[in-house]
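Breakdown of the fold
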Amino acid sequence: MNSLLIGELSPEQPSFEPTKNKELIDEFRELRATVERMGLMKANHVFFLLYLLHILLLDVAAWLTLWVFGTSLVPFLLCAVLLGTVQAQAGWLQHDFGHLSVFSTSTWNHLLHHFVIGHLKGAPASWWNHMHFQHHAKPNCLGKDPDINMHPLFFALGKILSVELGKQKKKYMPYNHQHKYFFLIGPPALLPLYFQWYIFYFVIQRKKWVDLAWMITFYARLFLTYWPFLGLKGVLGLFFLVRFLESHWFVWVTQMNHIPMRIDRDRNMDWVSIQLHATCNVHKSAFNDWFSGHLNFQIEHHLFPTMPRHNYHKVAPLVQSLCAKHGIEYQSKPLLAAFADIIYSLKESGQLWLDAYLHQ
């Protein structure tokens, strides 16, 4: 860190920026120490092994569906649903390895991350790391969180930024209708029409040949196992149907925790405050935990990004107490209400943009 040293503050200078909550930071550090003493940063390897096995079994079940029942419409659609589930669940599992939350050494986490995201999903680990680490550093901060890069080209996000956009008389899309066209260019399109192509550009442009090799194993396995049943056109049709289904699952789950929350430029708040203002939870249940890969505990995940997901519910009461003490709202809602809040927030920010745009 010596190369970053600018100098020492004189004794009369404040050592903490006024935009940051020192008391909150100090108490969070105490909470972090408590969590480590409780053993909540240690993973249950049996949990993750069983999780991986259930993904592999679903993958086999999809192939057996066509082998046993043939390639008529119903077996074909059932196979696509099973493979879509595999892709969504593998997405949550690679997230665990990418956050180094399974093994105590980074080497094993990185290796399994390559296997799950590369071989089981056909995507590059380096791309995910590049995007996701920025998101965790500054969630919902324009220009620093790539997850909100669709503002302002496709959507007007957040109350503050939407009003700002309207006052500047900028209109790239009819934002007052964005809660409607979200259903056309959001869930159906993100993976099959954007991510699917961008990931190849990413690995080639950055010369990530190891990632590309892992990705090729996914596509080779897909074609070798399904070509005998479906032929080239059938395999391509199945693949893009799976990506279409997975895209819906991925977008609704990942956006329900962030889009309804505060979205703004970086206001230089302390790290804990940034995380708490940008995240909300969805109620715990066996289905919600499985369906969202435990990302229904988004608050706890952002505060403890290397914590194994099966421990989120254990630390949640402590986080709630911290929030209550500092007057920070701790939001948790039902799953369908969380989905609805995405649409409601888009409608609200679109109307705010319109009011500012039309105001003389």
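Model, not experiment: these values are computed from the prediction. Note that residues are indexed from 1 along each chain, following the sequence as it is written. Restriction of local features to residues with pLDDT of at least 70 applies here, the model being predicted, together with a cutoff of 80 or more for giving and counting side-chain atom pairs; totals for whole chains, interfaces and linings are based on all residues. Only hydrogens and water are set aside when side-chain values are computed; all heavy atoms of the structure are taken into account.

With respect to the overall build of the protein
Condition: Only DSSP runs of H or I covering at least 4 residues are called helices, and only runs of E covering at least 2 are called strands; the numbering of each starts at the N terminus. Taken over C-alpha atoms, the radius of gyration is set against a globule rule of 2.2 Å times the number of residues to the power 0.38. Note on exposure labels: buried denotes an accessible area under 20% of the residue type's maximum, exposed denotes more than 50%, and partly exposed covers the range between, all computed with a 1.4 Å probe on protein chains only. Contacts were defined at the residue level, with two residues in contact if any of their heavy atoms lie within 4.5 Å. Using the Shrake-Rupley algorithm and a 1.4 Å probe, accessible areas are obtained, with residue cover drawn only from the displayed protein chains.
The number of helices and strands found in the protein is 14 helices and 2 strands. Taken over the C-alpha trace, the protein has a radius of gyration of 22 Å; the compact-globule value for 360 residues is 21 Å, and the two agree within 12%. By principal-axis analysis of the C-alpha atoms, the protein measures approximately 75 × 55 × 45 Å. Taking all 360 residues of the protein together, the buried fraction comes to 49%. Contacts in the protein between residues far apart in sequence, at least 24 positions, make up 71% of those at least 6 positions apart. Counting every atom, the protein has about 18100 Å² of accessible surface; 66% of that belongs to carbon and sulfur.

Describing the nonpolar core
To keep things clear, this is the line we draw: Here the nonpolar core consists of buried residues drawn from Ala, Val, Leu, Ile, Met, Phe, Trp, Tyr and Cys, with membership extended through side-chain atoms lying within 4.5 Å.
Ranked by internal contacts, the top residues of the largest apolar core, which has 42 residues, are I55, L93, L157, F182, M256, I342 and L346. Taken together, the elements giving at least two residues each to this core come down to α2 (45-69), α3 (73-98), α4 (106-120), α6 (159-167), α7 (178-185), α9 (209-255) and α14 (335-358). Take this core: its biggest share by element is 8 residues, from α14. Beyond its immediate stretch of four places on either side in the chain, M256 contacts C280, V282, S292, L335, A338, F339 and I342. I117, A125, I199 and F239 belong to the second-largest nonpolar core, a separate cluster that totals 28 residues.

A look at the side chain of T65
Here is the rule: By the criterion applied in these results, polar contacts are pairs of N or O atoms within 3.5 Å in which, for protein atoms, one can donate a hydrogen and the other can accept it, and in which residues neighboring in sequence qualify only through two side-chain atoms.
With respect to the helices and strands, T65 occurs in helix α2. Side-chain polar atoms of T65 contact the backbone oxygen of A61, separated by 2.7 Å.

Considerations on unusual backbone geometry
Backbone torsion omega between H151 and P152 reads 5°, so that peptide bond is classified as cis. Note that P152 resides in the loop between α5 (125-137) and α6. One non-glycine residue with positive phi stands out, namely N268, at about 60°. As for its placement among the helices and strands, N268 is situated in the loop between α9 and α10 (271-278). On the accessibility criterion, N268 (29% relative accessible area) is partly exposed.

Some remarks on the UniProt feature "domain: Fatty acid desaturase" (unreviewed entry) in the protein
To keep things clear, this is the line we draw: UniProt positions are given in the numbering used here, feature names are shortened, and annotations may be inferred rather than shown by experiment.
The feature "domain: Fatty acid desaturase" (unreviewed entry), as annotated in UniProt, sits at residues 74-332 in this numbering. Its end C-alpha atoms 38 Å apart, residues 74-332 is made of 65% helix and 1% strand.

Description of the pattern of salt bridges
Here is the rule we go by: Any carboxyl oxygen of Asp or Glu that lies within 4 Å of a side-chain nitrogen of Lys or Arg is treated as forming a salt bridge with it.
In the structure shown here, the tally under the stated rule is 16 salt bridges. For D59, the salt bridge is made with R221, and the minimal N-O distance between the two is 3.0 Å. Linking D59 in helix α2 with R221 in helix α9, this pair joins segments that are 162 residues apart in sequence. The class of D59 is buried, set by a relative accessible area of 14%. Of the charged contacts in the structure, one is a salt bridge between K159 and E348, with a shortest N-O distance of 3.7 Å. Here K159 is found in helix α6, whereas its partner E348 is found in helix α14, with 189 residues between them in sequence. By sharing partners, the salt bridges in this structure join K121, R243 and E246 into a single network.

As for the UniProt feature "transmembrane region" (unreviewed entry) in the protein
Per the UniProt record, the feature "transmembrane region" (unreviewed entry) sits at residues 46-67, 73-93, 181-204 and 224-245. The straight-line gap between the two end C-alpha atoms of residues 46-67 is 31 Å; of that span, 100% is helix and 0% is strand. Secondary structure over residues 73-93 splits into 100% helix and 0% strand, and the C-alpha atoms at its two ends are 30 Å apart.

A look at the packing of helix α1 (residues 22-37) against α10
We apply this condition: To get an axis, a line is fitted to the C-alpha atoms, and for a helix only the part in contact is used. The angle between two axes follows their N-to-C directions and goes from 0 to 180 degrees. With respect to orientation, any angle under 35 degrees is reported as roughly parallel, any angle over 145 as roughly antiparallel, any angle of 65 to 115 as roughly perpendicular, and every other angle as oblique.
With their axes 8 Å apart at the nearest point, α1 and α10 run at an angle of 85° to one another. One finds that α1 runs roughly perpendicular with respect to α10. On the side of α1, the interface is formed by L24, I25 and F28, while α10 contributes W271, V272 and S273.

Let's talk about the packing of aromatic side chains
Heads up, the condition is: For Phe, Tyr and Trp, rings pair up if their centres lie within 6.5 Å, where Trp contributes its six-membered ring, and each pair is then called stacked (planes under 30 degrees apart), edge-to-face (over 60) or tilted (otherwise). Placement of a positive charge over a ring is assigned whenever Lys NZ or Arg CZ falls within 6 Å of the ring centre and within 35 degrees of the normal to the ring plane.
A complete count under the given rule lists 35 aromatic pairs for this structure. Ring centres of F195 and F250 lie 6.3 Å apart, and the angle between their planes is 65°; this geometry places the pair in the edge-to-face category. Within this pair, whereas F195 is found in helix α8 (residues 190-205), its partner F250 is found in helix α9, the two being separated by 55 residues in sequence. The class of F195 is buried, set by a relative accessible area of 17%. Judged by relative accessible area, F250 falls into the partly exposed class, the value being 28%. Three or more aromatic residues link up through ring pairs in this structure, and these residues are W127, Y194, F195, Y198, Y201, F202 and F250. We note K169 situated over the ring of Y357; from NZ or CZ to the ring centre the distance is 5.8 Å. The residue whose ring lies beneath R309 is Y51, and the NZ or CZ to ring-centre distance is 4.2 Å.

Description of α4
Operational definition: What a helix is expected to span follows from its residue count: subtract one and scale by 1.5 Å.
Here α4 contains 15 residues, and its C-alpha end-to-end distance of 20 Å stays within 8% of the 21 Å for a straight helix at 1.5 Å per residue. Every buried residue of α4 is accounted for by N109, L112, H113, V116, I117, G118, H119 and L120. Elements that come into contact with the buried residues of α4 comprise α2, α3, α5 and α9. Positive backbone phi, approximately 75°, marks G122, located one or two places after α4.

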